[in-house]
Amino acid sequence: MEGMEHWKSKLQEIVNPLQQQILRTPDTQLYTAIGMLIITIVFSMFVLLPKRKKSNTIILAGLSGSGKTVLFYQLRDGSSHQGTVTSMEPNEGTFVLHSETDKKGKWKPIHLVDVPGHSRLRPKLDDFLPQAAGLVYVVDSLEFLFICRASAEYLYDILTNASVVKKKVPVLILCNKTEKVTAHSKDFIQKQLEKEIEKLRASRTVISDADMKSEYALGIPGEPFAFSQSRNRVCFAEASGLTGEVSQVEQFIREYVKP
Amino acid sequence: MLTTMASLLIQSPTSMLKHKVHYVNQGNVFTCMALSTTIQSRRRGRRKYGSCLMAKASSSVKEDVLVKELSYISVSEKRDIGVISVHHVGILCENLERSLDFYQNILGLETNEARPDDKLPYRGAWLWVGSEMIHLMELPNPDPLTGRPEHGGRDRHTCIAIRDVSKLKGILDKAGIPYTLSRSGRPAIFTRDPDANALEFTQRSSPSISLYLLHACTAVHLSSSTAIRTLREKERRDLIVLQLENRYRNMLEQFLIFTRGGLVLWACRELTKALQGSPIDTLIRSCLLEERSGASSYNYDAAGVAYTLKWTFHNDFGLVFVAVYQRILHLLYVDDLLSMVKREFSVIYDPNRTEYGGFDDIYRQLRMEAEARAEELKKSSKLGGNTGSKKQAQTQKGKYDQGDKKGGSADLKNDGGNDDLDKGRKVENGHVNWGRSDEEVGLVGGVNGGDSLSSSNGAFDVNKLQKLRAKGGKKTDTVSTKGSKAEPKKKMTKKNRVWDNSPPEIKLDYTDPVTENRDEKSKFVAADEGESMMDKDDTISSDSEFEEDEKMENGAKVETKAKGWFSSVFHSIAGKANLEKVDLEPALKALKDRLMIKNVAEEIAEKLCESVAASLEGKKHASFTRVSSTVQAAMEEALVRILTPKHSIDILRDVYAAKEQGKPYVVVFIGVNGVGKSTNLAKVAYWLLQHKVSVMMAACDTFRSGAVEQLRTHARRLQIPIFEKGYEKDPAIVAKEAIQEATCNGSDVVLVDTAGRMQDNEPLMRALSKLINLNNPDLVLFVGEALVGNDAVDQLSKFNQKLADLSTSPSPRLIDGILLTKFDTIDDKVGAALSMVYVSGAPVMFVGCGQSYTDLKKLNVKSIVKTLLK
């Protein structure tokens, strides 16, 4: 008990000067200090707590040369500038769509990512997919017959990607370059892609066990594949990056990133 | 319409263009364009003064041309239909044989065999005139045969440039063909062909052509007939080169500035000539993205064109600068121009801006400077001795880098002095002085550095010099522009230092650059303790050096280390302005060693490091990171990129595709001896069988005893058919029969086993090439063992090389994929996978990792990369 008393007095010795110190300090200083403390705590909470907001990321994917970068700049600036070359790095930007900048009202900016289509750069797509609110898969409808297989393979990889399947990321398959006379129609492209994916389904499911990636099966077993079977929404649209005819893409984006 | 030479001269270029268009409209096959001029005009989109030059036939002075160039630019921008050159001249004749006799036997023109003459409804022939052609057409001639002006110069005519008019005169005399000489006394001769079409032959004097010829002669070590042919080709080429180089300096086909994201920011508008094919995209896809950006140039070949592309990066802004020019022109100024444009462009660059219309003028100015410099360099290199040893040049290079870097100090006076030092050095070496720095800096004192350094600078290699200049020039000029221009430069401020740099410069020459670097740094730190905190560049390099090279026992003093550690902490927190090559070097070296420990071929490790350095240099260093970790991250990215297959490696998909077409899918296994071709063939067969594909084996190893029996054993165990024809048969034929057999019995896949062969064994490689070309398999699988180190490069490159060289078809089949065997025996030394993929560009399709049939895997790129960098 004595020890206790002893300690108490010791504590008193320490606390008393502090009390006096506090009393002595002007009120304003005290409040400022407290205010600062609160602000710091609130601020750090903002920073540290994970954002639970809905994502506003839209990804542009597709083979090299399908016109993703042009679309990116069409959506951002409403112009394709002096043209583009093969991308080596993703283009990223958070902005309000160009067509909406004239309109009144407040628009929610979109985080648009243009992922290069070169096969060596494909792994980059995995970095962006988990945060995607929607994906625009761009197809070159002019050269479609030559790239059909490669395009279907890439699309298959995207549609079976874990985060796409889990989060049911909506996919817009965009047939680009429709300004050209010889471009294929979107119905034709849809049919061809379905056919190709059907074949891939057969060959891919058997190698999936050898591969390290956990793949998800696409479509309903025993039935020919159709995009309507996939769990996430897959729709088709047409656009022309060069002439700036991108209204269908904008519509799609606004469907999933609410203004 | 048919203007004579003289009248052409006084006409405005615009009206000439009209004339030309008029020609075309009329469809008149006779043109009075002198063929010789096509050589000059073909180069540029601006052809107007190309034709002006034609008028100024023999001796147009360069300055003259430059003046013209400037005054005509406005015209050319307004009207440009994208003219390239005169392609051919059509000449009508009554009797093709008679005309051919004249053109071939008397004039000695060669026919262009490549051009078919049977596609047209009338008979004809194509004759080469330099790089252009004459098209002889057997058609009724609307022109009268009589009553034409006697002198061909007054008639519509075609002019061919030749080297010796007097010789032709003799030939014509002998053949009894009438001719007239030029009225104005030019060395030109006018004559008519059997159909009275007027021809002019004008002599083009080219004094140094003999020099070029000599060069051509020495360069050719071929059999005599080929030599003559090549010589002729070269002669023709060199003539073009010579004339072009004499007349014009601007010979770029295209100059582009674009972001790494792919947006073109600026394209040279003067060079309106459309590129053939898509060299830029090809460059990016097959060079820059394949981690080959450490190379200095890239050659692009497409139908009819051969371009060379050079590029440079601005890594901090993520910009790429690309220049495209015709391969035959060895443009010396391109490197220089690239670095100058890079420097100037980075000043005006703004990430939010996408139009740089105002850059046109700056570019034009830069180009002219670069050209002038290259010109002078060429002249001086002819005079000066080019005997400097490589090593010396390298030491010099190191010195320049350092000197220049330190030259970027804050006070103008100091850097001016340094600039002069550099200048002095260059002048003294018999090379060009910096016209630009002179103008812009305008500082006094030009020779003070030159004298003190004269002893240490010998003559040196010209090629090296070019690089040196580009490098040194880049940096010094940055400083000088800063000094003179008012434009703010945020990036530059951090680099500034206030050191006197003369002592190390003089010293450097004696030692190997690396050790010198180190010594110098420690010395500096010791001497200038008070200031080293400011000196971010150098301390970071010394500290990263010691972090990385601790095991390598560097001789740095304790003092240095302590300082290094402190500043390293400081740096990692503060972040550093821009990464310099010097900062990267130690980290890269450590990384290279690590790669080599993992069994990556040295050559490959070296190239990779260069490429990574190229991608990092000048980049902003992020806060809270060390240089080594930045480098490691970049390397990891590069490795993932390399190992990710370029095209799909889904064999089953391909098998199904082949099945649809009703033919078997043929896989040929090739490789050196004892790597496990047959064993892994059996494993692949087993894997295919599991996926309900019917497989057939073809025993085309007709060389090694027991090979067929070995395969037969596998076939029996796997219960699959085998096609064999015993030994001593031509494997190509056996394979062909096997494929026929498979087509008949409906097998989906044919696996062709071949004999193992060393890559240097010519006869066996020839046999392999024959097998592959004859059967055109769907997949050529190179089987290589994972144990191999430096030899991997040799094996793969030689196999590929031999397949390409020994092939008779124009598009030879190369290796499509790699099967890596004995992967279970190598622990973490997985470097062979990287070496092989890098060398061939083909993906690793399978990995063999054991003795049983099931031991076949796919390559896991991520784990390989992890292991490599562990």
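Residues numbered from 1 in each chain as written. Chains lettered and ligands numbered in written order. Predicted model: local features only at pLDDT ≥ 70, side-chain atom pairs only at ≥ 80, totals over all residues. Heavy atoms only, no water.

(A) Broad picture of the overall build of chain A. When its secondary structure is counted, chain A shows eight helices and six strands. In chain A, the succession of α and β elements from N to C terminus is α-α-β-α-β-β-α-β-α-α-β-α-β-α. Split into buried and exposed, the 259 residues of chain A put 42% on the buried side. As presented, chain A carries roughly 14,200 Å² of accessible surface, and 60% of it is formed by carbon and sulfur atoms. (Helix = DSSP H or I, 4+ residues; strand = E, 2+ residues; numbered from the N terminus. Buried < 20%, exposed > 50% of the residue type's maximum accessible area, 1.4 Å probe, protein only. Areas by Shrake-Rupley, 256 points an atom, 1.4 Å probe, with all protein chains shown as cover.)

(B) Fine view of the interface of chain A and chain B. Each partner contributes to the interface: chain A provides 35 residues, whereas chain B provides 43 residues. Contact between chain A and chain B buries roughly 3,400 Å² in total, counting both sides, with carbon and sulfur atoms accounting for 52%. Inspection of the region where chain A meets chain B yields five salt bridges. Put simply, Arg149 of chain A and Asp654 of chain B hold a salt bridge, and the shortest N to O gap is 2.1 Å. Taken together, the links from chain A to chain B amount to 18 residue pairs in polar contact (both at pLDDT 80 or more). Every element with two or more residues in the side of chain A that touches chain B is listed here: helix H3 (68-77), helix H4 (123-128), helix H5 (144-159) and helix H7 (186-207) of chain A. Broken down by element, the side of chain A that touches chain B gets its largest block of residues, eight residues, from H7 of chain A. (Contact = heavy atoms within 4.5 Å. Buried area = accessible area lost by both parts, 1.4 Å probe. Salt bridge = Lys/Arg side-chain N within 4 Å of Asp/Glu carboxyl O. Polar contact = N/O pair within 3.5 Å; in protein donor to acceptor, adjacent residues only side chain to side chain.)

(C) Representation of the side chain of Gln74 of chain A. Residue and element names in this part refer to chain A. Following the sequence through the fold, Gln74 ends up in helix H3. On the basis of relative accessible area, Gln74 is assigned to the buried category, the value being 6%. Excluding its chain neighbours within four sequence positions, the residues that come into contact with Gln74 are Ser79, Ser80, His98, Gly241, Leu242, Thr243, Gly244 and Val246.

(D) Summary view of the packing of helix H23 (residues 602-616) of chain B against helix H24 (residues 627-643) of chain B. Residues and elements named next belong to chain B. For the pair H23 and H24, the least separation of the axes is 10 Å and the interaxial angle reads 120°. When the interaxial angle is binned, H23 and H24 end up oblique. For H23 against H24, the interelement crossing comes out right-handed. When H23 is examined against H24, the residues Leu608, Cys609, Val612 and Leu616 are found in contact with a partner set consisting of Thr630, Val631, Ala634, Met635, Ala638, Leu639 and Ile642. (Axes fitted to C-alpha atoms, helices over the stretch in contact; angles between N-to-C directions. Parallel < 35°, antiparallel > 145°, perpendicular 65-115°, else oblique. Left-handed = near helix turned anticlockwise from the far one by under 90°.)

(E) A look at the environment of Ala613 of chain B. Residues and elements named next belong to chain B. Residue placement: Ala613 occurs in helix H23. Considering only alpha carbons, one finds Ala613 and Ala634, 21 residues apart in sequence, at a separation of 9.0 Å. Those residues within four positions of Ala613 in sequence are excluded, and the remaining contacts are Leu584 and Leu588.

(F) The packing of H23 of chain B against helix H31 (residues 831-840) of chain B, seen in detail. All names here are of chain B. One way to put it is that H23 packs onto H31 with a least axis distance of 10 Å and a crossing angle of 70°. The angle between H23 and H31 falls in the class roughly perpendicular. Touching Ile604, Lys607 and Leu608 of H23 are Leu834, Ser835, Tyr838 and Val839, all from H31. A breakdown of the residues in the contact of H23 with H31 according to their chemical character gives five nonpolar, one polar and one charged. (Nonpolar A, V, L, I, M, F, W, Y, C, P; charged D, E, K, R; others polar.)

Geometry only, nothing functional implied.
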